[in-house]
Amino acid sequence: MYVSGGGVRNTALMLALRRRLERTRVERLDELGVEASSKEALALALLAGLFVSALAFAVVMAYQAQQLAAQRDEANFQAQRAEAALEFMSLMLEDVGPNGEPLSLVELLGKGEELLDRQYSGDPRFRARMLLQMSRRYMDLANTENQMQVLARAEAIAAELKDDELMALTQCAAVGSELDGNHPDRAKQRMATAREALSRLSRPPVAVQVDCLRAEAELDDQAGQRDSAVNRLSKAQKLLEDSGSTRGLQYNAVLTDLGGIYFRSGRFREALELNQQTRETLERNGRGGTLASITLSVNHASLLYRLGEVLRAQQVGRDALDRMRALREEQPTAPAASVSYAITLNRLDQADESITRLNAAVDHALSIGNQFWGANANYQLGRALLVAGNLTEGDARLHEAQRVWLTNPGPNRERLAELSRSLAELALVRGDVTTARQHIDASLAGYSYPERNSAPGLPSALVTASRIYLQSGQADKAEKLASDSL
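Every value quoted in this text rests on a predicted model; they were computed, and no experiment measured them. (Residues numbered from 1 in each chain as written. Predicted model: local features only at pLDDT ≥ 70, side-chain atom pairs only at ≥ 80, totals over all residues. Heavy atoms only, no water.)

## A short note on the overall build of the chain
Across its full length, the chain holds 21 helices and 0 strands. By residue count, 43% of the 486 residues in the chain fall in the buried class. Taking the contacts inside the chain whose residues are at least 6 apart along the sequence as the reference set, 59% of them involve residues at least 24 apart. (Helix = DSSP H or I, 4+ residues; strand = E, 2+ residues; numbered from the N terminus. Buried < 20%, exposed > 50% of the residue type's maximum accessible area, 1.4 Å probe, protein only. Contact = heavy atoms within 4.5 Å.)

Following this line, the structure appears as structure tokens:
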């Protein structure tokens, strides 16, 4: 090969020049009257040095040749993979239902799995990576059950091939799914396996590092370590920016995750600015009509609600749901979008629409194995029923959400605090002030009040506490709670 040949010629030239140099040095030593034996010893030492230098040079050139060959092989693989991915997506999009009608996204993904097995059975690396992409689309739909099935297939291929990069990718992708399925211990084990795989990679690709930083941040968020989560996501953002990878969905996902941490930390202004920045980025990259863009609109509505723009939040939220329905045709609305919109409806006392949407959200979330959004939908449904005056059923829904959250009380600490606030309001409506005080005290303790004041749900809990203590005849404490809320 050219590189090896060039390396040999350079070595020969170097040796010839160095030999001429040594002859010149020996002649010079003769002129100075140095003894012949000393000259011979010096010449031998110099020749030995030359031999070592030449050998080192050859080793370096061989290593560089090996590195270049590896880089060339990787580039060829990536090009072939990109070409195969385009061909695969083209075949998927050409598929139709049994009566000629377009397939839903879930049906299309299912057909894609069949197509992978049929057309690419001899290329497990490619098949596994396409399964990973499919798992991410299932994640977009909150379809935890299907996502975990697809990831299990990719994980099996990674284990068979002993492919550490692929193993890290599958494990990090599964962390969020385990959390959505209410399995935090399994999520931690997935992360531990991913770290082991990463440690065996000398130079993990940026995309792998970013996916695993996102997974680490999810675990930090669940544990209430939000500063650590922000640091990990900021590192992931910098990795993508330094590598020029800011046009793809991964960059959008990192910014969206970061905005979520800001939101749950009560940093609404920063979250709103980041949401606007991310939406503009998607528009510039031609992704303004995608599901990712709609998700950002749903988050925008939630931020407007928290900042007091409730009517504007309703308008933005309804527009996002209309766009999602147009994009997904007859598919059920994603549970997260329904829950977000229902919170605004409850605030505006529009309980009938909220109850309809939330009943559908509960059924859909549980049917796809998403315990996280199932519990959230049940909780908001309970509040909607309370708004509608149906106290008995509302109480039952609240306790169903509580049952799920109590299986992992640590990560659900603030959700349980908010639920206690709702139970306090329910007791107050029933005229049981003593029980209302017990629940609201538990709520404030769950928010770590008065030590902390940044939880998004704390102001509402303080208002409820103020009302309860006022009814208990403790006006001074009621005034202090209301002042803290303000």
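## Notes on the environment of A337
Along the chain, the position of A337 falls in helix α14 (residues 335-347). For A337, a relative accessible area of 4% corresponds to the buried category. Sequence spacing of A337 and I294 is 43 residues, and the spatial spacing of their C-alpha atoms is 9.3 Å. What A337 contacts, discounting residues up to four positions off in sequence, is V298, L321 and M324.

## Quick word on the nonpolar core
Counting residues in hydrophobic clusters, the biggest one holds 34 residues, and the most contacted among them are L116, L131, V175 and M191. Of all the secondary-structure elements, those providing two or more residues to this core are α3 (105-119), α4 (124-140), α5 (144-161), α6 (164-180), α7 (184-199) and α8 (206-222). Ranked by residue count, the leading element in this core is α6, at 9 residues. Sequence-distant contacts of V175, that is, excluding residues within four places in its chain, are made with A187, R190, M191, A215 and L219. (Core = buried A, V, L, I, M, F, W, Y, C linked by side-chain atoms within 4.5 Å.)

## Focus on the state of the cysteines
This structure, assessed with the given rule, holds 1 disulfide. Here C172 is linked by a disulfide to C212, with a sulfur-sulfur distance of 2.0 Å. Where C172 bonds to C212 through sulfur, the torsion about that S-S bond is close to 100 degrees, and the disulfide is right-handed. On the criterion of sequence distance, the pair formed by C172 in helix α6 and C212 in helix α8 is long-range, its members being 40 residues apart. (Disulfide = S-S within 2.5 Å.)

## Things to note about the packing of aromatic side chains
The geometry of an aromatic ring pair is captured by the separation of the ring centres together with the interplanar angle, meaning the angle of the planes. According to the stated counting rule, one finds 3 aromatic pairs in the structure shown. When the ring of F372 is compared with that of W373, the centres are 5.1 Å apart and the planes differ by 85 degrees; the resulting orientation is edge-to-face. Residues Y379 and W405 carry aromatic rings whose centres are separated by 5.7 Å and whose planes lie at 50 degrees to one another, so their mutual orientation is tilted. One end of the pair, Y379, is in helix α16 (residues 371-387); the other, W405, is in helix α17 (residues 391-406), with 26 residues separating them in the sequence. For the residue pair Y379 and W405, the accessibility class agrees, reading buried in each case. (Phe/Tyr/Trp six-rings, centres within 6.5 Å; stacked < 30°, edge-to-face > 60°.)

## With respect to the pattern of salt bridges
Within the structure shown, the criterion is met by 26 salt bridges. Linking R264 and D221 is a salt bridge whose minimum nitrogen-to-oxygen distance equals 2.8 Å. Here the residue R264 occupies a position in helix α10 (residues 249-264), and D221 occupies one in helix α8, the gap between them amounting to 43 residues. For R318, the salt bridge goes to E353, with nearest N and O atoms at 3.3 Å. One end of the pair, R318, is in helix α13 (residues 310-328); the other, E353, is in helix α15 (residues 351-367), and 35 residues separate them in sequence. Through salt bridges with shared partners, one network takes in D221, R226, R264, E414 and R452. (Salt bridge = Lys/Arg side-chain N within 4 Å of Asp/Glu carboxyl O.)

## Regarding the confidence of the model for the chain
The share of residues in the chain with pLDDT of 70 or more is 78%, and the mean pLDDT across the chain is 83. Helix α19 (residues 433-446) holds the highest mean pLDDT among the elements of the chain, 97, whereas helix α1 (residues 2-31) holds the lowest, 43. Note on residues 90-97: pLDDT is under 50 here. Beyond four places in sequence and across chains, it has 13 contacts. (pLDDT = per-residue confidence, 0-100.)

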